[in-house]
Amino acid sequence: EQIEEIESELARLARLNELGEMASTLAHELNQPLSAIANYAQGCTRLLRDRNDSDAERMGEALDEISRQSLRAGQIIRHLREFVMRGETEKMPEDVRKLVEEAGALALVGSREHGVRTVFDFQPGADMVVADRVQIQQVLINLMRNAIEAMRDSETRELTVRTLPGDNDDVVVEVSDTGPGISEEVASRLFQPFVTSKSGGMGIGLSISKRIIEAHGGDIEALRNAQGGVTFRFTVPALRELV
Ligand code: ADP
């Protein structure tokens, strides 16, 4: 039994290693097209600058957003790569409300068309955390996207993101949906890499999320909520007041 356990652990590590190599290659390969997108968008902004009709102004704003988001995509990939390769995080004081709102802006693109109602609930006493912004937002985006996907066939589609004070100077973040809940086949291995119930799924979102939260000294769990859906709850260390 012990040998079997060790063997499966070794197989798991080998796959994590592969994942690291894959992230590294991807980061390298994607960097070029992403910089090209940012450069072309900036070029177009320059071409539009001397025109002063209102369409040109709106296009200019859209182009700015294109270059901002492509730079951000590059940043996410770079952080992911550094993290998968070495488990590194760059922790800074961050406003948890801003982390959630910014991640929401990305994760919720198109969600309203899918009939998903989103509620943000920021409770008092949970404000500043010490976190790697890009990584915690990656976790939030994973959880929100999974929630939206899970509610695709549900009658009620409500996504709630709540922040509240936890024990020992922690901030608790909860992402809840009104989907069907975690299926039995994946429940016991939810946070393991390559566990997925989706035909095109990679099954790495939750395993990376767990590693990120643990690298921050927190933990993450999935609970069934009163609506029959899932609540993912994780903790991030709060910024202590210096006394
Ligand atoms: P992927 O989304 O690629 O499958 P994840 O690691 O993000 O990879 O998720 C693993 C699995 O966990 C999903 O395939 C799904 O079965 C289950 N899961 C995750 N989030 C939810 C959720 N909010 N509701 C129901 N099942 C979920």
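Residues numbered from 1 in each chain as written. Predicted model: local features only at pLDDT ≥ 70, side-chain atom pairs only at ≥ 80, totals over all residues. Heavy atoms only, no water.

1. Describing the layout of surface pockets
Here is the rule we go by: Cavities and pockets were defined on a 1 Å grid built from protein atoms only: a cavity is a group of points that admits a 1.4 Å probe but offers it no way out, a pocket is an open group of points flanked by protein on both sides within 12 Å along at least five of seven lines, and a lining residue is one with an atom within 4 Å of any such point. Grid points are joined across faces, edges and corners, and a volume is the space filled by probe spheres set on the points. Put simply, DSSP marks the helices as runs of H or I at least four residues long and the strands as runs of E at least two long, and each gets a number from the N terminus on.
Its boundaries defined by the atoms lining it, the largest pocket holds a volume of some 1,300 Å³. Considering the residues around the largest pocket, the lining is formed by 41 residues, among which Asn146, Lys198, Gly203, Gly205 and Leu206 are closest to the centre. Listed by contribution, the elements that provide at least two residues to the lining of the largest pocket are helix 1 (2–48), helix 2 (54–86), helix 4 (133–150), helix 6 (205–215) and strand 7 (230–237). When residues in the lining of the largest pocket are grouped by element, the largest group, 8 residues, is from helix 4. Within this model, the second largest pocket holds a volume of roughly 230 Å³. At the level of secondary structure, the elements contributing two or more residues to the lining of the second largest pocket comprise helix 2 and helix 3 (96–107). Top contributing element to the lining of the second largest pocket by residue count: helix 2, with 6 residues.

2. Some thoughts on the nonpolar core
Rules: Take the buried Ala, Val, Leu, Ile, Met, Phe, Trp, Tyr and Cys residues and link them wherever side-chain atoms come within 4.5 Å; each set so joined is a nonpolar core. Burial here depends on accessible area, computed with a 1.4 Å probe over protein chains only, as a share of the maximum for the residue type. Under 20% is buried, over 50% is exposed, and the range in between is partly exposed. The contact criterion used throughout is that any non-hydrogen atoms of two residues lie within 4.5 Å.
Ranked by internal contacts, the top residues of the largest apolar core, which has 40 residues, are Ile136, Leu140, Leu143, Met144, Leu159 and Phe234. Only helix 3, strand 3 (128–131), helix 4, strand 4 (158–165), strand 5 (170–176), helix 6 and strand 7 provide two or more residues apiece to this core. In terms of residue count, the dominant contributor to this core is helix 4 (8 residues). Once residues lying within four places of it in the same chain are set aside, the contact partners of Met144 are Val100, Ala103, Gly104, Ala107, Leu108, Leu159, Val161 and Val175.

3. Quick word on the sheet that holds strand 2 (residues 117–122)
Quick reminder of the rule: Between any two strands, pairing holds if DSSP finds at least two bridges. Only the stretch in contact is used when a helix axis is fitted, and all axes are lines through C-alpha atoms; the angle between N-to-C directions ranges over 0 to 180 degrees.
Pairing is mixed across the open sheet formed by 5 strands, whose spatial order is 2-4-5-7-6. Each having just a single partner strand, strand 2 and strand 6 (220–224) make up the two edges of the open sheet. Adjacent strand axes in the sheet meet at a mean angle of 15 degrees, parallel and antiparallel pairs treated alike. Examined bridge by bridge, strand 6 and strand 7 share 5 bridges and lie antiparallel to one another. Bridging across to strand 7, Leu223 finds its partner in Thr231. Across the sheet, helix 3 lies against strand 2, strand 4 and strand 5, angled at about 170 degrees from strand 2, the strand it touches most.

4. With respect to the packing of helix 4 against helix 6
Going by this rule: In a left-handed crossing the near helix is turned counterclockwise from the far helix by less than a right angle, and in a right-handed crossing that turn is clockwise. In the scheme used here, Gly and all other residues not listed as nonpolar or charged are polar, with Ala, Val, Leu, Ile, Met, Phe, Trp, Tyr, Cys and Pro taken as nonpolar and Asp, Glu, Lys and Arg as charged.
The contact between helix 4 and helix 6 brings their axes to 9 Å, and the two run at 145 degrees. For helix 4 against helix 6, the interelement crossing comes out left-handed. From helix 4, Gln135, Ile136, Val139, Asn142, Leu143 and Asn146 reach across to helix 6, where they touch Gly205, Leu206, Ser209, Ile212 and Ile213. Tallied by class, residues from the contact of helix 4 with helix 6 come to 6 nonpolar, 5 polar and no charged.

5. So, helix 6
Buried within helix 6 we find Leu206, Ser207, Ile208, Ser209, Ile212 and Ile213. The positive-phi residue at the C-terminal boundary of helix 6 is Gly217, with phi of around 80 degrees.

6. Observations concerning the site of the ligand
Put simply, the rule reads: A single heavy atom is enough: if one lies within 4 Å of a molecule or strand, its residue is considered near that molecule or strand. Polar contacts here mean pairs of N or O atoms no more than 3.5 Å apart (in protein, one a potential hydrogen donor and the other a potential acceptor; neighbouring residues in sequence count only if both atoms are side-chain atoms). All accessibility values rest on the Shrake-Rupley procedure with a 1.4 Å probe; residue burial counts only the protein chains present in the view. Should more than half of a molecule's atoms lie within 2 Å of a pocket's or cavity's grid points, that molecule is taken to sit in it.
The full set close to the ligand counts 20 residues, and Asp177, Thr196, Ser197, Lys198 and Leu206 are the nearest of them. The separation between an oxygen atom of the ligand and a polar main-chain atom of Leu206 is 2.8 Å. When the free accessible area of the ligand is taken as 530 Å², the share hidden by the protein chains comes to 92%. Comparing atom positions with the cavity grids shows the ligand to sit within the largest pocket. When residues in the shell around the ligand are grouped by element, the largest group, 3 residues, is from helix 4. Looking at the shell around the ligand residue by residue, the class counts come to 11 nonpolar, 7 polar and 2 charged.

These results come straight from atomic positions and should not be treated as a statement about function.
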